[in-house]
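Fold and geometry: a report
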Amino acid sequence: MHTHRTPNRRLSRRAAIGLIGAALVAGPLAVTQVAGAAPAPEGPAPAAKSAPARSAATGLDDPAKKEIAMKLVSSAENSSLDWKAQYKYIEDIGDGRGYTAGIIGFCSGTGDMLDLVELYAKREPGNVLEKYLPALREVDGSDSHEGLDPNFTKDWEKAAKDPAFQQAQNDERDRVYFNPAVKQGKADGIGTLGQFAYYDAIVMHGDGGDRTSFTNIRKRALTKAKPPTQGGDEVKYLHAFLDARVWAMKQEEAHEDTSRVDTAQRVFLNKKNLNLNPPLDWKVYGESFRIGG
């Protein structure tokens, strides 16, 4: 397993390039992207109670909630709710991490892209990306494109049409980011919204040893409030976690826009929507989004 060598896992794609306004999932949700998209015909009814149930079915790993999580992240990372369109995404956003690609922003400079392509090669020997493995090993830890240009981006887009590569992206996202976030969230006794807050933090900051990593964001929050499993109030603890997250984001200039917390996660928390039940309305970088009725 490769460790991330950069202070933060990655920059938000939109923030990094200066623009305004990412598991397989099951069960369609009604989705409206306020900036022009028409609503889908149906979706789950909002739950009558906002207090979180503690059953496994209401965690972020519930398929419907996982779909919501992917759309929320994609709204911040790609200014779109269509997260499945991001399998083919690839560009160098100039953040020192080389190429950023795929549904969760696998980076050629941070090791997770290498892990992904190795998994794909194991499952589909001779695939279009396998020939880049030596180069990916060489550029790991840097922003270099040596051995990747000029055809790596085109071949990535070709690979993204292969269901096996899409599945590999899903699986690596789960192994490295989604599952650890949900596991820690359940261990802390927090519900679906809190587990999402953990997941979004790991996506952006990674879980390395630096002060802005997920583990240290959580440690910072624990100095202000206790999670439910330590006898604390969930809402108070999540506010402390989001405060710590905002602090971490502000340590890097490109993260100074903290709207993915302030006008999204904090909005849900202020409404005490701890189960992350639709309908959900939020903004990221000033752009409005909606999921649900």
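Scroll up to find the structure this text is about.
Attention in this report is confined to the structure presented alongside it.

The rules behind these values
Residues numbered from 1 in each chain as written. Predicted model: local features only at pLDDT ≥ 70, side-chain atom pairs only at ≥ 80, totals over all residues. Heavy atoms only, no water. Helix = DSSP H or I, 4+ residues; strand = E, 2+ residues; numbered from the N terminus. Buried < 20%, exposed > 50% of the residue type's maximum accessible area, 1.4 Å probe, protein only. Areas by Shrake-Rupley, 256 points an atom, 1.4 Å probe, with all protein chains shown as cover. Core = buried A, V, L, I, M, F, W, Y, C linked by side-chain atoms within 4.5 Å. Contact = heavy atoms within 4.5 Å. Pairing = 2+ DSSP bridges.

Attention shifts here to the overall build of the protein chain. Counting secondary structure elements, the protein chain contains 10 helices and 6 strands. The proportion of buried residues among the 293 residues of the protein chain is 54%. When the accessible area of the protein chain is evaluated, it comes to approximately 12200 Å², of which 52% is carbon and sulfur surface.

Let's shift gears to the nonpolar core. Ranked by internal contacts, the top residues of the largest apolar core, which has 77 residues, are Phe152, Trp156, Tyr199, Phe241 and Trp282. Ranked by residues supplied to this core, first place goes to helix α9 (residues 234-249) with 10 residues. Those residues in contact with Trp282 that lie beyond four places of it in its chain are Lys71, Leu72, Ser75, Leu81, Thr263, Ala264, Phe268, Glu287, Ser288, Phe289, Arg290 and Ile291.

Here we take up the pairing of strand β6 (residues 287-291). Only one face of β6 is buried: it carries Glu287, Phe289 and Ile291, and the other face, with Ser288 and Arg290, is open. The hairpin formed by strand β5 (residues 280-284) and β6 contains 2 residues between the paired strands, and Tyr285 there has a positive phi angle of roughly 55°.

Here the focus is the pairing of β5. Along β5, the buried face is formed by Leu280, Trp282 and Val284; none of Asp281 and Lys283, which line the opposite face, is buried. Of the pairings in the sheet, the one linking β5 to β6 comprises 5 bridges and is antiparallel in character. Pairing of Val284 across the sheet is with Glu287, part of β6.

Let's shift gears to unusual backbone geometry. Trans peptide bonds make up most of the peptide bonds, and negative phi angles are found at most residues other than glycine. Cis peptide bonds are those with omega within 30 degrees of zero, and the linkage from Asp149 to Pro150 qualifies with 10°. Inspection of the secondary structure puts Pro150 in the loop between α4 (133-139) and α5 (152-159). Cis rather than trans, the peptide bond between Pro278 and Pro279 has omega equal to 0°. Topologically, Pro279 is positioned in the loop between α10 (259-270) and β5. Of note in the backbone geometry, Lys272 takes a positive phi value of approximately 55° without being a glycine. Along the chain, Lys272 turns up in the loop between α10 and β5. With a relative accessible area of 44%, Lys272 lands in the partly exposed category.

If you check which residues of α10 are buried, you get Ser259, Arg260, Val261, Ala264, Gln265, Arg266, Phe268 and Leu269. For α10, the elements touching its buried residues are α2 (63-78), α7 (192-205), α9 and β5. Just downstream of α10 lies Lys272, where phi reads positive at about 55°.

So, on to the environment of Leu276. You can see Leu276 is positioned in the loop between α10 and β5. Distance from Leu276 to Gly191, taken between C-alpha atoms, is 8.7 Å for residues 85 residues apart in sequence. Leave out the neighbours within four places in its chain, and Leu276 touches Leu60, Lys65, Ile68, Leu72, Thr192, Leu193, Phe196 and Phe268.

This paragraph deals with the sheet that holds strand β2 (residues 90-91). Here 3 strands make up an open sheet; going across it, the order is β2-β3-β4 and the pairing antiparallel. Looking at the sheet topology across the chains shown, the edges are occupied by β2 and β4 (106-107). Pairing between strand β3 (residues 100-101) and β4: 2 bridges, direction antiparallel. In the sheet register, Ala101 faces β4, and the bridge partner there is Phe106.

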